[in-house]
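Results of the structural survey
Chain by chain, the residues:
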Amino acid sequence: MSRLVVVSNRVALMEEGKQAAGGLAVAILAALKKTGGIWFGWSGNVVDGESQAEPTRTEMGKLTYATLDLGRRDHEEYYNGFANQTLWPLFHYRLGLISVNRRTREGYERVNAYFADKLEPLLRPDDMVWVHDYHLIPFGDELRRRGCSQRIGFFLHTPFPPPELLTALPNHRDLIRELCAYDLVGFHTATDMRGFCDYIRTETDGTVEQRGAYGSATIRAFGRTLLAKVFPISIDTEALESLARTAGRSRQAERLRESLVGRRLIIGVDRLDYSKGLPQRFAAFEQLLESYPEHCNRVSFLQVAPPSREDVPEYIAIRRELSEMAGRINGRFAEFDWQPIRYLNRSFGQRVLAGFYRLANVGLVTPLRDGMNLVAKEYVACQDSDNPGVLVLSQFAGAAQEMGEALIVNPFDIEGVGDALQRALTMPLGERKERHAALMRTLRQHDIGWWRESYVDALTRAPYDFPVT
Ligand code: ADQ
C-alpha cells in the first residue's frame, strides 16, 4: 500500500490535548491517524525576512509532520492576499468582497512553487500525494514541472462557483489549467462539481464524460485526463457519539446546564467568518423573540465564534458588526436575570463542545455558503437519541444535500429562519426522534473513515497521464 503524503496550507501540529478550530485540520488528523504518512505545509509561524529554507520534521508515532515558516511578504501575498481576499470570497459567491491584484497572485504562485521545491525531495516514487484546498491549486502543476510522476490528488474544501462567477477572476484559465494537473479532483457536492464541469465545457475546448448525476466525470482538458468526483466530508461519528454520552455530564456542561435554570438552549458554533451568516443568524434570533414573545426569558442563544484571519479587513469589520448586534439585541430584550445572546469569541476543546451540543435543544447552522459544514454533523452526532435536539440548517451548506431531515432554511430569509426556530423549539418528541434517526443513518454510513477511504481508493484507480508542457 502506498504511503500517504498530505499537503495542506496549515499543518495543525497538535500539542497533547489541544484541539484545532479548523474543519480541515480536524478531518485530516482523523484520516492520517490510521495509515500514518507525512503531513506537509505551513507551520502557522510568520518570520521576518525569507520563508524557511528547509522543513522542520517532527515525528509523532506513524506520522511525520514537515512544516515551513513563512516569511512576512509570502504570508501577506499568498495567504492574506490571494487565498483569503480573492479566492475565498470568490469561491463563496461573494464577488463584492474580492480584491484583485497582480502582486498577490504572483505571491500565490511563488509560494506554491516554493512548497513544491521543499516537498519534492521528501517524496518516494510510490507515494500518493493528497493536496488540500484553495490555497494550493497550483501545487500539483508545480510538482509535475519538477518531474513528479506520483499520483497527485486534490480536494476542495470550499464550494466551487459557477463559471459566470469564476470568470470574474483575471487569468481564471491559468488557475483551472493548474487544477487539471491533478489526477483526481474531489468536491463536497454535486453542485460544486457541476460548477467545475460547466467551466470545462464553456470556457475550454476540453470534454466532460459524466457518470451519474454529477457523481463523477472524466475530464479531458489542457492535454490531460483526470477524474472529478464528489466526496462529502464527514466526522468520526462513532467516536463523537460515545464522547457526547459522557461529555454531557462534564463539569463545563453541568455549569452550562445550571446557568440555564430550566431555559431552552439554541447553539451556534463557527469560525468568525462572513460566509457563516452570523449577522443574519443574530437577526433571526431577534425575530424569534419579536414574533414569538413567549420565548422571552425562556430561551438562550449561545454563539461560540473564535476569531480567524484577523489581518483581513473584512474579518475585522464582521467582528465589530456582531459585537454591536449582540449588544443591541441583549439591550433590547434582556431581563435582569436573563441574557438572550451569549456571544463568545473563543474556542473550546472537542469534549466541552460535545457536552454543549448535547445540552442544546436546537443546533443553528446558517451559512450563506459553505463547502460542507462539519458543525451540522457534529451537532446531530452528539444528541441523545431518546430526546434529541433539532438541527436548523442552511440550504446553502453542502451538508444540506445529505441532511434533508434537518429543518432546511434560507439564511437570507430572516423571518423564515425565525419561524423555523419556533418550529424546532416546539417540535414533538416523536418527530424529533424520527428526524434524528434518519440523519444518524447517513452519518453512520458516511463517516470520516468512509470519506478518506473512498478518496484514497479513487486516487489509486484514477486514470493519469503526464502534462504536455
Ligand atoms: P470551516 O469553515 O472551518 O471548514 P466547519 O466545517 O464547520 O467549518 O468546521 C469547523 C470545525 O472546527 C468543526 O469541527 C468545529 O467543531 C470546530 N470548531 C468551530 N468552532 C470551534 C470552537 N469555538 N471551538 C472549538 N472547535 C471549533 C472548512 C469549510 C467547510 C468544510 C470544512 C471541511 O469551510 O465548509 O466543512 O472545511 O472540509
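Naming follows an unreviewed UniProt entry, where the chain appears as Trehalose-6-phosphate synthase of Azospirillum thiophilum. The annotation that UniProt attaches to the chain under Function (unreviewed entry) is "Probably involved in the osmoprotection via the biosynthesis of trehalose. Catalyzes the transfer of glucose from UDP-alpha-D-glucose (UDP-Glc) to D-glucose 6-phosphate (Glc-6-P) to form trehalose-6-phosphate. Acts with retention of the anomeric configuration of the UDP-sugar donor." Per UniProt, the chain has the following entry under Pathway (unreviewed entry): "Glycan biosynthesis; trehalose biosynthesis."

Pairs may arise between side chains of opposite charge once their charged atoms sit close together. Applying the stated rule across the entire model yields 32 salt bridges. Across the salt bridge formed by K118 and E54, the nearest N and O atoms sit 3.8 Å from each other. Residue K118 is found in helix α3 (residues 102–119), and its partner E54 is found in the loop between β2 (37–47) and β3 (56–60); the two are separated by 64 residues along the sequence. Assessed through its relative accessible area of 18%, K118 is described here as buried. Ionic pairing is found between R146 and E142, a salt bridge with its closest N-O pair at 2.9 Å. Taken together, the shared-partner salt bridges connect R73, D74, E77, R103 and R110 into one network.

With that out of the way, let us pick up empty space enclosed by the protein. Taken as a whole and judged by the stated rule, the model has one cavity of 30 Å³ or more. Estimates place the volume of the largest cavity at around 80 Å³. Around the largest cavity, the lining residues are Y379, V380, Q383, G389, V390, L391, E405, A406, R432, R435, H436 and L439. Residue assignment for the lining of the largest cavity shows that the elements contributing at least two residues are α13 (374–381), β15 (390–394) and α15 (429–445). If you tally residues by element for the lining of the largest cavity, the top one is α15, at four residues. Looking at the lining of the largest cavity residue by residue, the class counts come to six nonpolar, three polar and three charged.

Basis of the calculations
Residues numbered from 1 in each chain as written. Predicted model: local features only at pLDDT ≥ 70, side-chain atom pairs only at ≥ 80, totals over all residues. Heavy atoms only, no water. UniProt positions renumbered as here; feature names shortened; annotations may be inferred. Salt bridge = Lys/Arg side-chain N within 4 Å of Asp/Glu carboxyl O. Helix = DSSP H or I, 4+ residues; strand = E, 2+ residues; numbered from the N terminus. Buried < 20%, exposed > 50% of the residue type's maximum accessible area, 1.4 Å probe, protein only. 1 Å grid on protein atoms, 1.4 Å probe; cavity = no way out; pocket = protein on both sides within 12 Å on 5 of 7 lines; lining within 4 Å. Points joined across faces, edges and corners; volume = space filled by probe spheres on them. Nonpolar A, V, L, I, M, F, W, Y, C, P; charged D, E, K, R; others polar.

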